[in-house]
Amino acid sequence: MKRERAVSKPARKGRGSAGASADVAAPGTQPRNLKPYDSVLETIGWTPLIRLHRVVDGARTPVYAKAEFFNPGGSLKDRIGLAMIEAAERAGRLKPGGVIVEGTSGNTGAGIAIAAALKGYRCVFTMSDKFSQEKVRLLKAFGAEVIITPAAVPPDHPDNYIQVAKRLAAEMPGAILADQFYNPVNPEAHYATTGPEIWAQTEGRVTHFVSAAGTGGSISGAGKYLKEQNPRIRVIAGDPVGSIFAEYFRTGTKSESHPYKVEGIGNDKLPGTLWFDVIDEFHSLTDRESFHMARRLAREEGLFAGGSAGLIVQLAVRVAHEVNDAGALVVCMLPDTGERYLSKFYNDEWLRENRLLEPERLTAGDMVARKDGGAPALVSVEPSASVRQALSLITHYDISQVPVLHEGDCVGSISEATLMARVIEEPSLLDHAVETLMDAPFPVVDEHIELSGVARLLTRQNPAVLVRHEGRLAGIVTRYDMVRYLTQ
Ligand code: PMP
């Protein structure tokens, strides 16, 4: 952005005078890390904000990703690891030679372990067996002890990883529980760092902040800061299907959780660090959507991130299409590095075993829902409308055909090609009613019909199919939509 361009110029000039081409923006010409650091802890935060180009599928609204895997421990949790340790030191709870205990899905463990390694504390982490081996080995690499607990137990079961951590912290001399799910230092760390960074990096132009909640610390803290700067910023959360957060947000009731594969976000209980009042929307997304987008991020943007990043970006792209405004600015989080999932969703075999590689069984309703481009789901005309009005709709929405609807039924259709040909031959037709020139009505299908059924109806003679939702005509699937889907 502007700020970065301004600083990058002198650097290029310097290189040019030394004999290199001054016009080539070689990687690394922006002066980052100009000064040496006293320790790795000083490199936490100020992660880059990077524009997404290809995975946004042509959205007009710019989407920028906050690449938290640039932190030394590979995730956004480095920010809270250090902050929680220093807060416990200040409060006198953590003394030299002390022990830090935490139930962690891996990333918080790495954040705590890095700070503990430098400050000389011992770390004991409990982790459920759902999490990848890479994460366990990573924590051990930083010198931490890791205790694996079964994932298939309810939150209040004594073998649950949080319960085991609590017990250990109470029993071990000099031990504290970092307690990321209830420790206010967690959201406060993001309020103090992540939020201000996004505000500065976008020069206050951010309009939508999209993230997801595990403990909720990052979306709550950063979201609160951003809203304080501009109350109109929308804070939008994604949640894995199976987690209880999105349903709780919508209804205020705690539903039953179901297993899902995305790691680090969603939950089967409500953490104290998730501030629902900061969040404007909560959306559920599937494992399949999340992993598919994470893999696209690596292949199409060169950003190698975890499954939660896939879920968040999938939602951010959806938001960008809905907002459809080049003056808006969506910021989304990429919480951790993809290296933690090489044996999981970056491995085709794992995806196949988990039935995530098979083609998705899309329905007509799904197809209508995933359409973008700013036009309403169904643009139609009345039989009495003039040809001129119909043509203006066609050009306004940049579409090729329009159904003619009367009292909720499709009574005919008009296509750009035939209508234009007729009008060029006979301009006076512009003021005739559409019903005098219309072709046969489009077929109508229920929203639950599979896409293969829709494809069979899209013939040479028939360019579109109407989709019924709860008894009402609510959308259209055209030959163009189908070809676009097949070629993506
Ligand atoms: N993604 C991943 C991979 C994580 O490990 C976490 C932290 N649990 C998050 C997202 C969400 O962060 P927070 O705990 O701040 O809600």
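Residues numbered from 1 in each chain as written. Predicted model: local features only at pLDDT ≥ 70, side-chain atom pairs only at ≥ 80, totals over all residues. Heavy atoms only, no water.

## Here's the deal with the overall build of the protein
Within the protein one finds 17 helices and 15 strands. Over its C-alpha atoms, taken along the principal directions, the protein stretches across nearly 90 × 65 × 45 Å. Residue pairs at least 24 apart in sequence account for 67% of intrachain contacts in the protein once pairs closer than 6 positions are excluded. Across the protein, the centroid of the 55 positively charged side chains sits 6 Å from that of the 59 negatively charged ones. (Helix = DSSP H or I, 4+ residues; strand = E, 2+ residues; numbered from the N terminus. Contact = heavy atoms within 4.5 Å. Lys, Arg positive; Asp, Glu negative; His and termini not counted. Charge placed at Lys NZ, Arg CZ, Asp CG, Glu CD.)

## Here's the deal with the site of the ligand
The immediate surroundings of the ligand are formed by 17 residues, with Lys77, Gly214, Thr215, Ser218 and Ser308 found nearest. Note that an oxygen atom of the ligand is positioned 2.6 Å from one of the side-chain N or O atoms of Thr215. For the ligand, a nitrogen atom lies 2.9 Å from a polar atom in the backbone of Gly264. Calculation on the ligand without its partners gives an accessible area of 390 Å², and the protein chains cover 97% of this total. Residues that form the shell around the ligand fall into these classes: 5 nonpolar, 9 polar and 3 charged. (Near = heavy atom within 4 Å. Polar contact = N/O pair within 3.5 Å; in protein donor to acceptor, adjacent residues only side chain to side chain. Areas by Shrake-Rupley, 256 points an atom, 1.4 Å probe, with all protein chains shown as cover. Nonpolar A, V, L, I, M, F, W, Y, C, P; charged D, E, K, R; others polar.)

## Quick notes on the sheet that holds strand 6 (residues 175-177)
Taken in spatial order, the 4 strands of this open sheet run 5-4-3-6, and their pairing is parallel. One side of each edge strand has no neighbouring strand; the edge strands of this open sheet are strand 5 (145-149) and strand 6. Within the sheet, the average angular offset between the axes of one strand and its neighbour, ignoring direction, is 20°. Pairing of strand 4 (residues 122-128) with strand 5 involves 5 bridges; the strand directions are parallel. Looking at the pairing, Thr126 lines up with Ile147 of strand 5. (Pairing = 2+ DSSP bridges. Axes fitted to C-alpha atoms, helices over the stretch in contact; angles between N-to-C directions.)

## A short note on the domain arrangement of the protein
By domain assignment, the protein separates into domain 1 (39-355) and domain 2 (364-487). On a C-alpha basis, the centroid separation for the pair domain 1 and domain 2 is 44 Å. (Domains from an automatic or database assignment.)

## Comments concerning unusual backbone geometry
One non-glycine residue with positive phi stands out, namely Asn33, at about 55°. Structurally, the position occupied by Asn33 is in the loop between helix 1 (2-17) and strand 1 (49-51). Its identity is not glycine, yet Glu203 carries a phi of approximately 50°, on the positive side. We classify Glu203 as partly exposed; its relative accessible area is 30%. (Buried < 20%, exposed > 50% of the residue type's maximum accessible area, 1.4 Å probe, protein only.)

## Points about the side chain of Asn462
Locating Asn462 in the fold gives a position in the loop between helix 16 (451-457) and strand 14 (464-469). Classification of Asn462 as buried rests on a relative accessible area of 10%.

## Remarks on empty space enclosed by the protein
This model, assessed by the stated rule, comprises 2 cavities of 30 Å³ or more. The wall of the largest cavity is formed by Glu102, Gly103, Ile162, Ala165, Leu177, Asp179, Gln180 and Phe181. Residue assignment for the lining of the largest cavity shows that the elements contributing at least two residues are strand 3 (99-103) and helix 5 (161-171). Grouping the constituent residues of the lining of the largest cavity by class yields 4 nonpolar, 2 polar and 2 charged. The calculated volume of the second largest cavity comes to roughly 30 Å³. As for the second largest cavity, its lining consists of Lys261, Val262, Glu263, Phe291, Gly307, Tyr341, Lys344, Phe345 and Trp350. A per-class count over the lining of the second largest cavity returns 5 nonpolar, 1 polar and 3 charged. (1 Å grid on protein atoms, 1.4 Å probe; cavity = no way out; pocket = protein on both sides within 12 Å on 5 of 7 lines; lining within 4 Å. Points joined across faces, edges and corners; volume = space filled by probe spheres on them.)

## A closer look at the packing of aromatic side chains
Any pair of aromatic rings gets described here by the distance separating the centres and the angle formed by the planes. Per the counting criterion, the structure on display carries 13 aromatic pairs. Arranged with centres 5.9 Å apart and planes meeting at 40°, the rings of Phe276 and Phe282 form a pair that is tilted. In terms of burial, Phe276 and Phe282 fall into one category: buried. Chaining the aromatic ring pairs together yields one cluster made of Phe291, Phe304, Tyr341, Phe345, Tyr346 and Trp350. (Phe/Tyr/Trp six-rings, centres within 6.5 Å; stacked < 30°, edge-to-face > 60°.)

## Notes on the pairing of strand 8 (residues 234-240)
For a regular strand, the rule is simple: side chains alternate between the two faces of the sheet. Of all the 7 residues making up strand 8, 6 are buried; the element is thus mostly covered by neighbouring parts of the structure. Note that strand 7 (residues 208-212) and strand 8 share 5 bridges and pair parallel. When the sheet's bridge partners are listed, Val210 is paired in strand 8 with Ile236. Each parallel crossover has a hand, and for strand 7 linked through helix 8 (residues 217-229) to strand 8 it is right-handed. Direction of pairing for strand 8 relative to strand 9 (residues 281-285): parallel, over a ladder of 5 bridges. Within strand 9, the residue paired with Gly238 across the bridge is His283. Read as a crossover between parallel neighbours, the route from strand 8 over helix 9 (residues 245-251) to strand 9 is right-handed. (Right-handed = clockwise from strand over helix to strand, strands pointing away.)

## Re the nonpolar core
Leu52, Phe209, Val210, Val313, Cys332 and Leu334 are the most contacted members of the largest nonpolar core, which totals 65 residues. When residues of this core are assigned to their parent elements, the largest contribution, 9 residues, is made by helix 11 (residues 307-323). Apart from residues no more than four positions distant in its own chain, Leu334 is found in contact with Ala65, Lys66, Ala67, Glu68, Phe69, Leu297, Leu303, Ala305, Ala309 and Val313. If you look at the next biggest cluster of nonpolar residues, it comprises 30 residues, including Met84, Ala110, Ala113 and Val185. (Core = buried A, V, L, I, M, F, W, Y, C linked by side-chain atoms within 4.5 Å.)

## A few points about helix 6 (residues 185-192)
All buried positions along helix 6 are accounted for by Val185, Asn186, Pro187, Ala189 and His190. Looking at the buried residues of helix 6, the elements they touch are helix 2 (78-90), helix 7 (194-201) and helix 8.

## A few points about the sheet that holds strand 14
Note: strands within a sheet are paired through backbone hydrogen bonds, in either parallel or antiparallel orientation. Judged by pairing direction, the sheet is mixed, and its 3 strands sit side by side in the order 13-14-15 without closing on themselves. Lying at the two open borders of the sheet, with one neighbouring strand each, are strand 13 (444-446) and strand 15 (472-478). Between one strand axis and the next, the sheet turns through 35° on average, direction left out of account. With 6 bridges connecting them, strand 14 and strand 15 associate as antiparallel partners. For Ala464, the partnering residue across the bridge sits in strand 15 and is Thr478.

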